[in-house]
Amino acid sequence: MNLLIMGPPGAGKGTQSEVLVNELKIPHISTGDMLREAVKQGTEMGKKAKEYMDKGQLVPDSVIIGVVKERLALPDCKVGFLLDGFPRTVPQAEALDQTLLDLGIKLNAVININVPRERIVARLTGRRVCRSCGATYHVLFNKPKDEGKCDKCGGELYQRSDDTEQTVNNRLDVYEAQTQPLIDYYNRQGLVLNINGDQEISGVLSDIMGALKK
Ligand code: AP5
Ligand code: MG
Ligand code: ZN
C-alpha cells in the first residue's frame, strides 16, 4: 500500500506509523526523522535544516523535495510506503504527484489524524524519544516502563529541541497556514480517510486499520 499520514504536529503520526509499518510490512518514511538524522550527522543539509526546525518553520521545498524523490526510488518502496510529514506545502504535493507518476505508482489513501489544537501542547511538551531507535513515549500518556529508558532497546530518552511551548505554537500556525490546505487537495482526489485522533492510542490505531480495510 502507498500511504500518506497527515495531521498537525503531535497528532500521533509517528506513534501510529511505528505500528502500522509493522502490520503492513512497508517502510516508514518520515521527513522529520530524516532531517533530525542529518542534523545529528552534521551534514550540509542538517546544518541548514536545524535553523528552520528550531524556529518551528518549514525547511525550504528545494531542500526536502529532492531527498524524498531519491528515497521513493529505492527498491524497498516497491512493496509500498508510509510517508509521514511529507508533503507539507502545495509545491511538495505537486512534486510528489509527478514523482509517483514517473515511478508508475498511485497513492491508495491519505490518513488524516484530527486532534483539536488545545490538546497538542501537552502532548508535545511531554513527548520523549529514544535516541537509539526513535521510539516515541509520553511522560503521562505513554510512559516507558523505566523512566528515561526505551522499552524496546534500553536506549536513552530525550526531548526534541522543537518541543518547547513557543516552538510548538509556531509549528501549529505553520501547519494551519501551509499544510492543512493539502487536505482539500487530496479530498479532490477522493483519497482522505478522516480519523479521530483525540482518543486512546489503541483506538486511533483500530480506526485507521478499519478505514484502510474498506
Ligand atoms: P516532524 O518531525 O514531522 O514533526 P511534526 O509534523 O511537527 O509532527 P510530530 O513528529 O511533532 O508529531 P506526530 O504527529 O508524529 O506525533 P507523535 O506520534 O510523536 O517535523 C519536524 C520539523 O522538521 C518541522 O517543523 C520542519 O521544520 C521540518 N520538516 C519535516 N518535514 C518537512 C517537510 N516535508 N517540509 C519542510 N520541513 C519539514 O506524538 C506526539 C506525542 O503525543 C508523543 O509523546 C506521543 O506519545 C503522544 N501521543 C500520541 N498519540 C496519542 C494519543 N492518542 N493520546 C495521547 N497522547 C498521544
Ligand atoms: Mg512525528
Ligand atoms: Zn529505543
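Preceding block: the structure.
Our subject in this report is the structure included herewith. Please read these numbers as outputs of a predicted model, since none were measured by experiment. (Residues numbered from 1 in each chain as written. Chains lettered and ligands numbered in written order. Predicted model: local features only at pLDDT ≥ 70, side-chain atom pairs only at ≥ 80, totals over all residues. Heavy atoms only, no water.)

With that settled, the discussion passes to the sheet that holds strand 5 (residues 127-130). Pairing is antiparallel in the open sheet, where three strands are placed in the order 6-5-7. Two strands lie at the open edges of the sheet, namely strand 6 (136-138) and strand 7 (157-158), each paired on one side alone. This element, helix 6 (residues 117-125), spans strand 5 and strand 6 of the sheet and lies at about 40° to strand 5. (Pairing = 2+ DSSP bridges. Helix = DSSP H or I, 4+ residues; strand = E, 2+ residues; numbered from the N terminus. Contact = heavy atoms within 4.5 Å. Axes fitted to C-alpha atoms, helices over the stretch in contact; angles between N-to-C directions.)

Ligation of the zinc ion (ligand 3) by protein atoms is provided by C130 (SG), C133 (SG), C150 (SG) and C153 (SG), these donors lying 2.3 to 2.4 Å from the ion. Around the zinc ion (ligand 3) sit four donor atoms, and with donor-metal-donor angles ranging over 98 to 116° the site reads as tetrahedral. The sequence motif formed by the donor residues of the zinc ion (ligand 3) is C-x2-C-x16-C-x2-C. Remark: C153 occurs in the loop between strand 6 and strand 7 and C133 occurs in the loop between strand 5 and strand 6; sequence separation between them is 20 residues. Under the relative-accessibility criterion, C133 is labelled partly exposed at 43%. (Donors = N, O, S within 2.8 Å, 3.2 Å for Na, K, Ca; no water. Tetrahedral: all angles 85-135°; square planar, octahedral: opposite > 155°, others 65-115°. Buried < 20%, exposed > 50% of the residue type's maximum accessible area, 1.4 Å probe, protein only.)

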